[in-house]
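Examination of the molecular architecture
Single-letter residue listing:
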Amino acid sequence: MYALTPEQNDDWWEVEALYDLCFAPGREALSSYRLRDDVPSVPDLSLIARDIDGVLGGAIRYWPVLVGDAPVLLLGPVAVHPTRQGEGLGHQLVEASLDIAMTLHWTRVMLVGDAPYYNRFGFQRLAGVMMPPPTNPDRVLGRALKPNAWVGVQGQVRRANP
């Protein structure tokens, strides 16, 4: 059993340590991180999961970006502590945060990830949406949070202005 709560400033270092544990060294060199530079994450959607003892089990963050001139949420990173994987915590973090995004009137979300995992959440490959290189275009996925939200939205993914 986990309590999902918005990430607070005091959680930042602990969440960063979790991301360091779960991802390869050099993760911050990825092109998606250039889209996050000096742009605050979306606070109501950046969630942490703690167990009954207060131990961090997982975290998810979202960032505002633009595709063309359209506002889009960029999901990621999402991580679950290796000792907690297989318990459905990643699924819980993604579903809960997407539900919140809909209540906050976001219309579309994208990520760079594995289609076989994210298809279960309704994500599909985005044709015509280009992440900065060297991103593999087959890993650029999106989900409409409102019907037809991705129709006509294409172009380069850019940093949102802070």
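Our structure is the block above this text.
Now for a look at the structure at hand. (Residues numbered from 1 in each chain as written. Predicted model: local features only at pLDDT ≥ 70, side-chain atom pairs only at ≥ 80, totals over all residues. Heavy atoms only, no water.)

**What about the pairing of strand S4 (residues 70-80)?**
S4 sits mainly inside the fold: 10 of its 11 residues count as buried. Examined bridge by bridge, strand S3 (residues 56-67) and S4 share 9 bridges and lie antiparallel to one another. Within S4, the position partnered with Trp63 by the bridge is Leu74. Between S3 and S4, which pair antiparallel one after the other, the connecting turn spans 2 residues, and Gly68 there sits at a positive phi close to 65 degrees. Sheet topology places S4 next to strand S5 (residues 108-112); 2 bridges connect them, and they run parallel. Following the sheet pairing, Leu74 is matched in S5 by Met110. At this point the chain moves from S4, through helix H3 (residues 89-103), to the parallel S5, and the crossover so formed is right-handed. (Buried < 20%, exposed > 50% of the residue type's maximum accessible area, 1.4 Å probe, protein only. Helix = DSSP H or I, 4+ residues; strand = E, 2+ residues; numbered from the N terminus. Pairing = 2+ DSSP bridges. Right-handed = clockwise from strand over helix to strand, strands pointing away.)

**Remarks on the nonpolar core**
Of all hydrophobic cores here, the largest spans 23 residues; its most connected members are Ile60, Tyr62, Leu75, Leu98, Val109 and Phe123. Among the secondary structure elements, those contributing two or more residues to this core are strand S2 (47-50), S3, S4, H3 and S5. Per-element accounting of this core gives the leading share, 5 residues, to H3. If you look at the next biggest cluster of nonpolar residues, it comprises 15 residues, including Leu35, Val65, Val72 and Val153. (Core = buried A, V, L, I, M, F, W, Y, C linked by side-chain atoms within 4.5 Å.)

**Quick notes on the environment of Arg158**
Structurally, Arg158 is set in strand S9 (residues 155-159). Classification of Arg158 as partly exposed rests on a relative accessible area of 34%. Placed 85 residues apart in sequence, Arg158 and Leu73 show a C-alpha to C-alpha distance of 11 Å. Ignoring anything within four residues of it in the chain, the contact list for Arg158 reads Leu35, Val65, Leu66, Gly68 and Asp69. A polar contact of 3.2 Å, which involves the side chain of Arg158, links it to the side chain of Asp69. (Contact = heavy atoms within 4.5 Å. Polar contact = N/O pair within 3.5 Å; in protein donor to acceptor, adjacent residues only side chain to side chain.)

**Describing unusual backbone geometry**
Cis geometry marks the peptide bond from Gly76 to Pro77; its omega dihedral reads 0 degrees. Along the chain, the position of Pro77 falls in strand S4. A cis amide bond links Pro133 with the next residue in sequence, Pro134, at an omega value of 10 degrees. By the element assignment, Pro134 lies in the loop between strand S7 (129-130) and strand S8 (140-144). The phi angle at His105 is positive, at roughly 70 degrees, despite the residue not being glycine. As for its position among the elements, His105 is in the loop between H3 and S5. In this model, Asn148 sits at a positive phi of 65 degrees, which is unusual for a non-glycine residue. On the secondary structure map, Asn148 appears in the loop between S8 and S9.

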